[in-house]
Amino acid sequence: MKKTAAFLLTLIGAFVFALAGCANGDTFTEKTYTADGAGIEKVTIQAEDREIEVYPSDDGQIRIEYFDGEKEYLKIAVTEEKELTVTLTYNKEWTDFIGTKPSAEYRKIRIGLSLLSSLSASTTNESITVRSLSFSESISLASNGGSVICERVNAGKSLSLTAKDGDISGSVVGGWDDYSISCTIKKGESNLPESKEDGGKSLTVDCNNGDVNIEFVK
C-alpha cells in the first residue's frame, strides 16, 4: 500500500511538473508602437500582471514599448472616437496558466504620451506609475495587487486612484482648495480626509490594505 501511494504521488508530481513546463514555453519579442499624438484624444490601458509606466513624450508622438509573446500579447487599436486602446490578450489553454509568470522584463509596458483629454489604466499584481503629465479631462488609475504612484500629475476635472494590496502615493498639481476629496481606506493610513467639499476638481481615492500619501504641488 505504501509503495502504491508513493508511486501515485510521484506520478502526480511529474504530471504537474510537465504542465508547468508547458506554461513557461512562451517566447517574447520586444516591440514598439508609435502614433501621432495629434490624432488621439484618450488612452485606455487594460492589463494583467503588467507593470505600467506612463511618461511625457518629448516629440508629440505616442510611443508604446512592450513585449509580445505567442500566447499573451497586446492588442492595440484606435477607435473612430480617437481613443487608443491597449488590451492584454491571451491565447492560452487552461494548462498554460499553471507555472511561473514570464520574467519581469517581459511584464512591463512603457508609454510616452503628449497632451490628451483622458487616461484610464488598470492592471493586477503590479504597479502603475504616471509622472509629469497633464490631461484636460480625467485620469483613472487602478491596480489590484500593486501600488499606484503619481508624480506631478494634473487632471482638468477628475482624478481617480484605486489600489488593493498596495499604496497610493505621489503628488498632484494644484492647491488644497482646488480639489473636492473623497477618500476610502481600509487597513492602512492616509494623509487625506475622508471627505472635503468645494473645489473645481474632484480627487477620489480608494485604498484597501495599503497607505495613502498624496501631496499638492504648484
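Note that this is a predicted model, so its numbers are computed, not measured. (Residues numbered from 1 in each chain as written. Predicted model: local features only at pLDDT ≥ 70, side-chain atom pairs only at ≥ 80, totals over all residues. Heavy atoms only, no water.)

> Describe the pairing of strand E13 (residues 168–173), listing the residues and the values that go with them.
Sheet topology places strand E11 (residues 148–155) next to E13; four bridges connect them, and they run parallel. Bridged to Ile-149 within E13 is Ser-169. Across six bridges, the pairing between E13 and strand E17 (residues 212–217) is parallel. Residue pairing in the sheet places Gly-170 in a bridge with Ile-214 of E17. (Pairing = 2+ DSSP bridges. Helix = DSSP H or I, 4+ residues; strand = E, 2+ residues; numbered from the N terminus.)

> Mind laying out the packing of aromatic side chains, listing which residues take part and the relevant values?
Applying the stated criterion across every chain, the model contains four aromatic pairs. With a centroid separation of 5.1 Å and an interplanar angle of 65°, the aromatic rings of Phe-67 and Tyr-106 are classed as edge-to-face. Highlighted residues: Phe-67 in strand E4 (residues 61–69) and Tyr-106 in the loop between strand E6 (83–90) and strand E7 (108–113), separated in sequence by 39 residues. Judged by relative accessible area, which is 23%, Tyr-106 ranks as partly exposed. Look at Tyr-179 and Phe-216: their rings are 5.5 Å apart centre to centre, the planes differ by 50°, and that puts the pair in the tilted class. Residue Tyr-179 is found in strand E14 (residues 179–186), and its partner Phe-216 is found in strand E17; the two are separated by 37 residues along the sequence. (Phe/Tyr/Trp six-rings, centres within 6.5 Å; stacked < 30°, edge-to-face > 60°. Buried < 20%, exposed > 50% of the residue type's maximum accessible area, 1.4 Å probe, protein only.)

> Any chance you could break down the side chain of Ser-171 for me, citing the residues and the numbers?
In this structure, Ser-171 sits in strand E13. A distance of 2.9 Å separates a polar atom in the side chain of Ser-171 from the backbone nitrogen of Arg-152. Excluding residues within four positions of it along the chain, Ser-171 makes contact with Cys-150, Glu-151, Arg-152, Val-153, Glu-215 and Val-217. (Polar contact = N/O pair within 3.5 Å; in protein donor to acceptor, adjacent residues only side chain to side chain. Contact = heavy atoms within 4.5 Å.)

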